[in-house]
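Structure assessment
Residue strings, one per chain:
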There are 2 protein chains.
Amino acid sequence: MKLYEKFADEIAEMIHSGVLAADEKVPSVRNASRTWKVSPSTVFQAYYLLERRGLIQARARSGYYVRAHAKGTLAEPDISARITDTTDVDVSELIFSILGSVRDPDTVPFGSAFPCPQLFPLARLARSMNKSIRHLPASQIIADMTSGNAALRRQIALRYMMHGVMLSSDELIITNGALEALNLCLQAVTKPGDLVAIESPTFYAALQILERLKLKAVEIPVHPRDGIHLETLEDSLQRLPIKACWFMSHLHNPLGASLSQEKKQTLYQLLEKHDVPMIEDDVYGELYFGSEPPKPVKSFDRKGLVMHCGSFSKNLAPGYRIGWVSAGRYAETVSRLKLMTTLSPSVPAQSAIADYLQHGGYDRHLRKLRYTLETRQQAMQAAIARHFPPTTKVSRPEGGYFLWLELPEQVDSLKLFSMALSQGISIAPGPIFSATRRFENCIRLNYGHAHTPQTEQALALLGKMVASFPES
Amino acid sequence: MKLYEKFADEIAEMIHSGVLAADEKVPSVRNASRTWKVSPSTVFQAYYLLERRGLIQARARSGYYVRAHAKGTLAEPDISARITDTTDVDVSELIFSILGSVRDPDTVPFGSAFPCPQLFPLARLARSMNKSIRHLPASQIIADMTSGNAALRRQIALRYMMHGVMLSSDELIITNGALEALNLCLQAVTKPGDLVAIESPTFYAALQILERLKLKAVEIPVHPRDGIHLETLEDSLQRLPIKACWFMSHLHNPLGASLSQEKKQTLYQLLEKHDVPMIEDDVYGELYFGSEPPKPVKSFDRKGLVMHCGSFSKNLAPGYRIGWVSAGRYAETVSRLKLMTTLSPSVPAQSAIADYLQHGGYDRHLRKLRYTLETRQQAMQAAIARHFPPTTKVSRPEGGYFLWLELPEQVDSLKLFSMALSQGISIAPGPIFSATRRFENCIRLNYGHAHTPQTEQALALLGKMVASFPES
């Protein structure tokens, strides 16, 4: 982190904690330079950054002022309510109709699930691709299809090791993105009619996959900060013949919640006690804002119960479609399912990423990416505070690129979706994240794209639409 | 085709028709040059080619002689027997145990399903990859994931047009190889317990997919030259609630059979009459040896009943994992299944192939590839005739890279498989191509690799093993 970034973070902290109040003038460049013993240019750069984050704004001939609502005065949403019944999943049509209508590249992509593609080292990846496939022996192409690129598997295993997970490379299977891994894992441990514990809200593709495989959902409440409610899970595991759990232990989509180390350990103990496998969807794992990489539930796994799914799609190479699963005792089953359904992910993409991981500067890229996303999160939070009704609740995720908004009760987010789309703005309405179509007054917003005047305008418009729903 | 190749074909025809008998001296270079009015160097090149094809051999200081058994005296196999029952498929374990044991790169790969990777323009493809991804706009990456690379779809639609099939590009879905397309198509039109008509023998992955999806097989006999037995199919369609057909109308794997235009039309009429969808697996379609590209059953499709699956894996870019389906009235369903299971094939691989199709010289490559494969087929047929018992029957496919051998009755091909593997030779035993584990005395051999002294030696050894089974 550069000096001006560090300095900006200190000022931001003063704003968040209320030391600097809304509409208050921030110290002049000269004063700040003297007080904190940094150069005037460092102060300039820091103030410019804070302006981009939406925390302060310049007033002509007068200096910088803390913006109204910059303190993040909006509350966080509460934990979702518990539903005791199991649910036949039937939301795929709704999800497809929503997703199908947000593909227009000219809409403001708040509803998009994809990261902003400009955030990735595409040119450097292209060089890795060029280098690696020019030297790829023809015979290796066949070998890479059946068992995966050996260099890539080694690089992934190394990263696991750095995160405190010791793997035998035998349990590592390269897949067509994490989505394929998640599909195969669920198929490996269930048959039609089985019960699967999922989070509520959850990633909508999980719902679609359950529906496709004719599985029943047991929805477990999730706190927007602390993650899944373990007592409910424990109770469900005791009462119901749950065949698998599918959880995001870290940077949950859409909430952004992460489990503490203690909760992860307790969760693993529950799995072991009930001998239930868990699919750990960890595709946002590298997008944490803190200084320490979080350990997955997989790090506690002694019995091979956890199938840990990762991907390069959200943090390095969107469109390359390279993911993986470390599938524990289910590795052989998952591997065979893969050979039967798609055979192999693209060999050039595998070799390009293997080369990049070795030579491209992945960790440097990740640090930059995390910093950019954190900046953009603050900018969008500040803008929401400016433009949305004050009873709006907003999540404060410590990573990823999604915000979860609980809007005033009277707001119908499916109606809001249509209103916004007609103005060229996409949002992801709450009901697509629930087997029971709940979260009617919630939306998920993608803050991964650059915060421009157009973004600000779109959020202002969205805020007005939200305010236009009459209180009942 | 070059002059010496044409001339070599004429000589080959004389050998096959018996004009030139085994052990007979072929005309001297000088004589041949005078008689056929070609240059001596053309004759030299032709004779050299015929030697590589295994049809003639040089004797020191004496010129070229027709090799023993070069006439292709071995008969073709007969049509498979009819089985009236439907079959629960349970052969996946057997298939995996066979496939798993042939992956050693040091074995002679007669049992391999993959084409010889040296046959493909990998360096030229790498250039297309390099060029296309350096210029790929970041925003296009997202678009290419959801709807497929537009240039690639256009190029594929153009090739359909050239083959007499008019498509709306809406029904074209790019997939992770044809294997994914076949999986998705079958899922789109069936549910567990349904009956699916397949060929006997058939591609073993079809059996695995049926087993995985809990579908029952109705096996239809196939003639090794003329393809599926339509009368049996008609009878089965009348008597049984068949929900889908999965056929290879052209260059059937493993037999090499192709339907005539008339049979394709009749087949389509049957589908239409019974309103049953057909999955047309046409992955070997470009590997025909004749001068005219065959038209698929899809070319008769007026109702959108045919889901035509193709791929670049066998003819251009193994390992890139780019296939497609033209899915007729099921396009929307198949597309949604794809979005739920793997989202998208690799975007760089899509753009590389799109560029190659436009600028790489695909048709020139295909002509060369077909010629090489035809040469290798003749070489292997000749070697089999030399080394295998004379009651061995061998298919004479007009394309592809597989031979199907019906060995003497007493041969147990699973036993032969183990014997051969212990000597470093892989073969594909007959029972893995049948839901009922038939074809015990049959094997499939891959002739796509260069015919070397090692190949000849391996076939000689295999022939001896075959002969070692005692007649019962």
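All values derive from a computational prediction rather than experimental measurement. (Residues numbered from 1 in each chain as written. Chains lettered and ligands numbered in written order. Predicted model: local features only at pLDDT ≥ 70, side-chain atom pairs only at ≥ 80, totals over all residues. Heavy atoms only, no water.)

Here we come to the overall build of chain A. The helix and strand tally for chain A stands at 16 helices and 15 strands. The C-alpha radius of gyration computed for chain A amounts to 23 Å, which stays within 12% of the reference 23 Å derived for 472 residues, consistent with globular compactness. Overall, the C-alpha framework of chain A stretches about 70 × 60 × 40 Å when taken along its three principal axes. Long-range contacts, defined here as pairs at least 24 residues apart, represent 76% of the contacts in chain A between residues at least 6 apart. Carbon and sulfur atoms form 51% of the exposed surface of chain A, whose accessible area is close to 18200 Å². (Helix = DSSP H or I, 4+ residues; strand = E, 2+ residues; numbered from the N terminus. Rg over C-alpha atoms; globule rule 2.2 N^0.38 Å. Contact = heavy atoms within 4.5 Å. Areas by Shrake-Rupley, 256 points an atom, 1.4 Å probe, with all protein chains shown as cover.)

Okay, unusual backbone geometry next. Residues and elements named next belong to chain A. The amide bond that connects Ser200 to the next residue, Pro201, takes the cis arrangement and shows omega of 5 degrees. On the secondary structure map, Pro201 appears in the loop between strand 5 (195-200) and helix 9 (204-212). The residue Arg321 is not glycine, and still its phi comes out positive at about 60 degrees. Along the polypeptide, Arg321 turns up in the loop between strand 10 (306-311) and strand 11 (322-326). Phi at Phe439 is positive, roughly 60 degrees, even though this residue is not glycine.

What follows deals with the sheet that holds strand 15 (residues 442-446) of chain B. All names here are of chain B. Across the sheet, which stays open at both edges, the 4 strands sit in the order 12-13-15-14 with antiparallel pairing between neighbours. Each edge of the open sheet is held by one strand with a lone partner, namely strand 12 (393-394) and strand 14 (428-429). Across 2 bridges, the pairing between strand 12 and strand 13 (residues 402-406) is antiparallel. Each residue of the ladder has a partner; that of Lys393, found in strand 13, is Glu406. The strands that helix 14 (residues 362-387) touches are strand 12, strand 13 and strand 15; relative to strand 13, the one it contacts most, it runs at about 20 degrees. (Pairing = 2+ DSSP bridges. Axes fitted to C-alpha atoms, helices over the stretch in contact; angles between N-to-C directions.)

Looking now at a nonpolar patch on the surface. All names here are of chain A. Taken together, the side chains of Leu158, Met161 and Met166 make up a nonpolar region of the molecular surface, amounting to roughly 330 Å² of accessible area. Position of Leu158 among the secondary structure elements: in helix 7 (residues 150-162). On the accessibility criterion, Leu158 (38% relative accessible area) is partly exposed. (Patch = residues over 30% accessible without salt bridge, like charges linked within 9 Å, V, L, I, M, F, W, Y side chains within 5 Å. Salt bridge = Lys/Arg side-chain N within 4 Å of Asp/Glu carboxyl O. Buried < 20%, exposed > 50% of the residue type's maximum accessible area, 1.4 Å probe, protein only.)

What follows deals with the packing of aromatic side chains. Two aromatic rings, taken as a pair, are described by how far apart their centres are and by the angle between their planes. All names here are of chain A. Taken as a whole and assessed by the stated rule, the structure comprises 24 aromatic pairs over all chains. With a centroid separation of 6.2 Å and an interplanar angle of 80 degrees, the aromatic rings of Tyr356 and Tyr362 are classed as edge-to-face. The pair formed by Tyr356 and Tyr362 is uniform in burial state, with each residue classed as buried. An aromatic cluster of three or more residues is present, and its members are Phe203, Tyr204, Trp404, Phe433 and Phe439. The ring of Phe402 has Arg444 lying over it, and the distance from NZ or CZ to the ring centre is 3.8 Å. (Phe/Tyr/Trp six-rings, centres within 6.5 Å; stacked < 30°, edge-to-face > 60°. Lys NZ or Arg CZ within 6 Å of the ring centre and 35° of its normal.)

When chain A is fitted to chain B, the best match, at an RMSD of 0.1 Å, comes from turning it 180 degrees and sliding it 0.0 Å along the axis. What the rotation and shift describe, once combined, is the action of a two-fold rotation axis. Closest approach to the rotation axis within chain A is made by the C-alpha atom of Asn130 of chain A, at a distance of 2.7 Å. The share of interface residues of chain A whose copies in chain B are also at the interface is 100%, consistent with both copies meeting through the same surface. (Least-squares fit on C-alpha atoms with pLDDT ≥ 70 in both.)

Residue and element names in this part refer to chain A. Helix 16 (residues 453-467) packs onto helix 14 (residues 362-387) with a crossing angle of 40 degrees between their chain directions and a minimal axis gap of 9 Å. With respect to each other, helix 14 and helix 16 are oriented oblique. Once helix 14 is placed against helix 16, the crossing between them reads as right-handed. Contact residues: helix 14 offers Met380, Ala383, Ile384, Arg386 and His387, while helix 16 offers Glu456, Leu459, Ala460, Gly463 and Lys464. By residue class, the composition of the contact of helix 14 with helix 16 is 5 nonpolar, 2 polar and 3 charged. (Parallel < 35°, antiparallel > 145°, perpendicular 65-115°, else oblique. Left-handed = near helix turned anticlockwise from the far one by under 90°. Nonpolar A, V, L, I, M, F, W, Y, C, P; charged D, E, K, R; others polar.)

On to the domain arrangement of chain A. All names here are of chain A. Domain assignment breaks chain A into domain 1 (3-66), domain 2 (87-118 + 364-467) and domain 3 (121-362). Once you take the C-alpha centre of each, domain 2 and domain 3 turn out to be 25 Å apart. The interface is formed by 38 residues belonging to domain 2 together with 34 residues belonging to domain 3. Carbon and sulfur atoms supply 58% of the area that domain 2 and domain 3 bury against each other, a total of about 3300 Å² over both sides. (Domains from an automatic or database assignment. Buried area = accessible area lost by both parts, 1.4 Å probe.)

With 45 residues of chain A at the interface, the matching set in chain B holds 45 residues. Counting each side, the surface lost to burial between chain A and chain B is near 4200 Å², with a carbon and sulfur contribution of 70%. The largest per-residue losses of area from chain A upon contact with chain B belong to Phe96, Phe114 and Met340 of chain A, which jointly make up 16% of the total buried on that side. Remark: the boundary between chain A and chain B carries 2 salt bridges. One salt bridge connects Glu93 of chain A with Arg336 of chain B, and the closest N-O pair in it is separated by 2.6 Å. Inspection of the chain A/chain B interface yields 18 residue pairs in polar contact (both at pLDDT 80 or more). Among the elements of the structure, helix 4 (92-100), helix 5 (122-134), helix 6 (138-147), helix 8 (177-189), helix 9, helix 12 (331-341) and helix 13 (347-359) of chain A are those that each provide at least two residues to the side of chain A that touches chain B. (Polar contact = N/O pair within 3.5 Å; in protein donor to acceptor, adjacent residues only side chain to side chain.)

Take helix 10 (residues 230-239) of chain B next. Residues and elements named next belong to chain B. Turning to helix 10, its buried residues are Leu230, Thr232, Leu233, Ser236 and Leu237. Projected down its long axis, helix 10 shows its buried positions confined to an angular sector of 155 degrees, all on one face. In this structure, the buried side of helix 10 is in contact with strand 5 (195-200), strand 6 (216-223), strand 7 (227-228), strand 8 (242-247) and helix 11 (261-274). (Arc of directions from axis to C-beta.)

Before going further, it helps to examine the environment of Gly328 of chain A. Residue and element names in this part refer to chain A. Within the fold, Gly328 resides in the loop between strand 11 and helix 12. Judged by its relative accessible area of 16%, Gly328 falls in the buried class. Along the primary structure Gly328 and His308 are separated by 20 residues, whereas in three dimensions their C-alpha atoms are 8.4 Å apart. If we skip the residues at most four places from it in the chain, Gly328 touches Glu171, Lys298, Gly304 and Val306.

Each strand in a sheet pairs with another by means of backbone hydrogen bonds, the pair being arranged parallel or else antiparallel. All names here are of chain A. Taken together, the 4 strands give an open sheet; going across it, the order is 12-13-15-14, and neighbouring strands pair in antiparallel fashion. Two strands in the sheet have a free side with no partner beyond their single neighbour: strand 12 (393-394) and strand 14 (428-429). Where strand 14 and strand 15 (residues 442-446) come together, 2 bridges link them in antiparallel fashion. Counterpart to Pro429 in the pairing with strand 15 is Ile443.

Attention shifts here to the pairing of strand 5 of chain A. Residues and elements named next belong to chain A. Where burial is concerned, most of strand 5 is hidden: 6 out of the 6 residues are buried. In the classification by handedness, the crossover that spans strand 5, the intervening helix 9 and the parallel strand 6 (residues 216-223) is right-handed. Across 4 bridges, the pairing between strand 5 and strand 8 (residues 242-247) is parallel. When the sheet's bridge partners are listed, Ala197 is paired in strand 8 with Cys245. (Right-handed = clockwise from strand over helix to strand, strands pointing away.)

All names here are of chain B. Counting buried positions along strand 6 yields 6 of 8 residues, so the element is predominantly enclosed. By the bridge criterion, 2 bridges tie strand 3 (residues 87-88) to strand 6 in an arrangement that is antiparallel. Of the residues in strand 6, the one forming a bridge with Asp88 is Lys216. Note that strand 5 and strand 6 share 6 bridges and pair parallel. Within strand 6, the residue paired with Ile198 across the bridge is Glu219. For strand 6 and strand 7, the ladder comprises 2 bridges, and the chain directions are antiparallel. Within strand 7, the position partnered with His223 by the bridge is Gly227. Turn length for the strand 6-strand 7 hairpin, with the two strands adjacent in sequence and antiparallel, is 3 residues.

We now examine the packing of helix 5 (residues 122-134) of chain B against helix 13 (residues 347-359) of chain B. Residues and elements named next belong to chain B. Two elements in contact, helix 5 and helix 13, have axes separated by 8 Å at closest approach and are oriented at 115 degrees. Judged by the inter-axis angle, helix 5 sits roughly perpendicular to helix 13. Judged by the sense of rotation from one axis to the other, the crossing of helix 5 with helix 13 is right-handed. The segment helix 5 lies against helix 13, with Arg124, Leu125, Ser128, Met129, Lys131, Ser132 and Ile133 engaging Pro348, Ala349, Ser351, Ala352, Asp355, Tyr356 and His359. Counted by class, the contact of helix 5 with helix 13 contains 7 nonpolar, 4 polar and 3 charged residues.

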